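These are the residues of each chain, in order.
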Amino acid sequence: YGDTSQKIDYVFKVVLIGDSAVGKSQILSRFARNEFSLDSKATIGVEFQTRTLVIQHKSVKAQIWDTAGQERYRAVTSAYYRGAVGAMLAYDITKRQSFDHIPRWLEELRGHADKNIVIILIGNKCDLENQRAVSTEDAREFAEKEGLFFLETSALEATNVETAFLTILTEIFNIVN
Ligand code: GDP
Ligand code: MG
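S.K.: Can you walk me through the environment of Ala 133 in this structure?
M.R.: Here Ala 133 lies in the loop between strand 5 (118-124) and helix 5 (136-146). Note on Ala 133: relative accessible area 35%, which makes it partly exposed. Placed 28 residues apart in sequence, Ala 133 and Val 161 show a C-alpha to C-alpha distance of 20 Å. Not counting chain neighbours up to four residues away, the residues in contact with Ala 133 comprise Ile 93, Thr 94, Lys 95 and Arg 96.

See below:
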């Protein structure tokens, strides 16, 4: 899906973080393989998936790392963050607690990652509007205050997943060019 036998101009490591069950693995699966599963198993072992895209006539291999059920506070190791140039910080719009934990994730990220890392805040499961527990405005305000990009996504309906990755990858691309 999107991968062709071409030379690679850049490899960008991007990490996915956020509470368990917010949809990180499904966001990745949607982006890397255009697949979605409603009964996804908890991820076992650190793993990443890649997809190669073209940005401004250069081929960019996005190497997206997914946490492996280590989503407890401080359980994600520094090896996970090493070399990351981008981060997607995800919460579930129907789970207030997953949004309330975002400042912790941000603190952990800023403690481990490169200080120039590009970060996007992702409010996932926006297809479940009738169960919404976090307003778009609250999240946008938080993102602005912290200098993060922000989008609401649905891995289920494929809403904004592509845009979220393109936003972060294009920003990284512009920084290195
Ligand atoms: P993770 O623990 O953050 O990796 O979360 P998963 O990707 O395993 O997803 C947890 C559960 O939420 C699974 O049952 C998914 O099918 C479901 N899920 C993930 N993304 C969405 C979404 O955008 N909409 C809805 N309705 N469910 C989702
Ligand atoms: Mg997972």
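Text resumes after the structure shown.
S.K.: Explanation requested: the sheet that holds strand 1 (residues 10-17) in the structure shown.
M.R.: Read from one edge of the open sheet, six strands run 2-3-1-4-5-6, paired in mixed fashion. Sheet topology places strand 2 (47-55) and strand 6 (149-152) at the edges, where each strand pairs with a single neighbour. Here the strands of the sheet are splayed against their neighbours by 25° on average, with no regard to which way each runs. Where strand 4 (residues 86-92) and strand 5 come together, seven bridges link them in parallel fashion.

S.K.: Is there a simple way to explain the confidence of the model for the protein chain in this structure?
M.R.: Predicted coordinates in areas of low pLDDT are best not read in detail. In the predicted model, the protein chain carries a mean pLDDT of 91, and 91% of its residues have values of at least 70. Model confidence for the complex is summarised by a pTM of 0.93, with the ipTM given as 0.99.

S.K.: Is there a simple way to explain the nonpolar core in this structure?
M.R.: The nonpolar side chains of a soluble globular protein tend to be buried, and buried together. In this structure, Tyr 81, Met 88, Tyr 91, Leu 109, Leu 121 and Leu 169 are the most contacted members of the largest nonpolar core, which totals 54 residues. No other element matches helix 6 (residues 161-176), which puts seven residues into this core. Residue contacts for Leu 121: discarding those within four places in its chain leaves Leu 89, Tyr 91, Phe 99, Ile 102, Ala 139, Phe 142, Ala 143, Leu 148, Phe 149, Phe 150 and Leu 151.

S.K.: Can you walk me through unusual backbone geometry in this structure?
M.R.: In this structure, Ala 158 is a non-glycine residue whose phi angle is positive, near 65°. Residue position: Ala 158 is located in the loop between strand 6 and helix 6. If you check the backbone angles, Asn 160 has positive phi at about 65° while not being a glycine. Tracing the backbone shows Asn 160 in the loop between strand 6 and helix 6. In this structure Asn 160 comes out as partly exposed when scored by relative accessible area, which is 27%.

S.K.: Help me out: how do you make sense of the packing of aromatic side chains in this one?
M.R.: Ring pairs (aromatic) are described by centroid distance and by the angle formed between their planes. Enumeration according to the criterion identifies eight aromatic pairs in this entry. A centroid spacing of 5.7 Å and a plane angle of 35° characterise the contact between Tyr 10 and Phe 12, whose relative ring orientation is tilted. Grouped by ring-pair contacts, the aromatic residues Phe 48, Trp 65, Tyr 80 and Tyr 81 constitute a single cluster.

S.K.: So what exactly am I meant to see when it comes to the pairing of strand 5 here?
M.R.: Moving residue by residue along a regular strand, the side chains alternate between the two faces of the sheet. Counting buried residues along strand 5, seven of its seven residues qualify, which places the element largely inside the surrounding structure. A two-sided burial pattern is seen for strand 5, the buried positions comprising Val 118, Ile 120, Ile 122 and Asn 124 on one face and Ile 119, Leu 121 and Gly 123 on the other. Here strand 5 pairs with strand 6 via four bridges, running parallel. Of the residues in strand 6, the one forming a bridge with Leu 121 is Phe 150. One crossover worth recording links strand 5 to the parallel strand 6 by way of helix 5, and it is right-handed.

S.K.: In this structure, what is going on with the side chain of Thr 153? I would like to understand it.
M.R.: Along the chain, Thr 153 turns up in the loop between strand 6 and helix 6. Residue classification places Thr 153 among the buried residues on the basis of a relative accessible area of 1%. At 2.9 Å, the side chain of Thr 153 and the side chain of Asn 124 are in polar contact. Apart from residues lying up to four places away in sequence, Thr 153 is in contact with Ile 27, Ile 122, Gly 123, Asn 124, Lys 125, Cys 126, Thr 159, Asn 160, Val 161 and Ala 164.

What counts as what
Residues numbered from 1 in each chain as written. Chains lettered and ligands numbered in written order. Predicted model: local features only at pLDDT ≥ 70, side-chain atom pairs only at ≥ 80, totals over all residues. Heavy atoms only, no water. Helix = DSSP H or I, 4+ residues; strand = E, 2+ residues; numbered from the N terminus. Buried < 20%, exposed > 50% of the residue type's maximum accessible area, 1.4 Å probe, protein only. Contact = heavy atoms within 4.5 Å. Pairing = 2+ DSSP bridges. Axes fitted to C-alpha atoms, helices over the stretch in contact; angles between N-to-C directions. pLDDT = per-residue confidence, 0-100. Core = buried A, V, L, I, M, F, W, Y, C linked by side-chain atoms within 4.5 Å. Phe/Tyr/Trp six-rings, centres within 6.5 Å; stacked < 30°, edge-to-face > 60°. Right-handed = clockwise from strand over helix to strand, strands pointing away. Polar contact = N/O pair within 3.5 Å; in protein donor to acceptor, adjacent residues only side chain to side chain.

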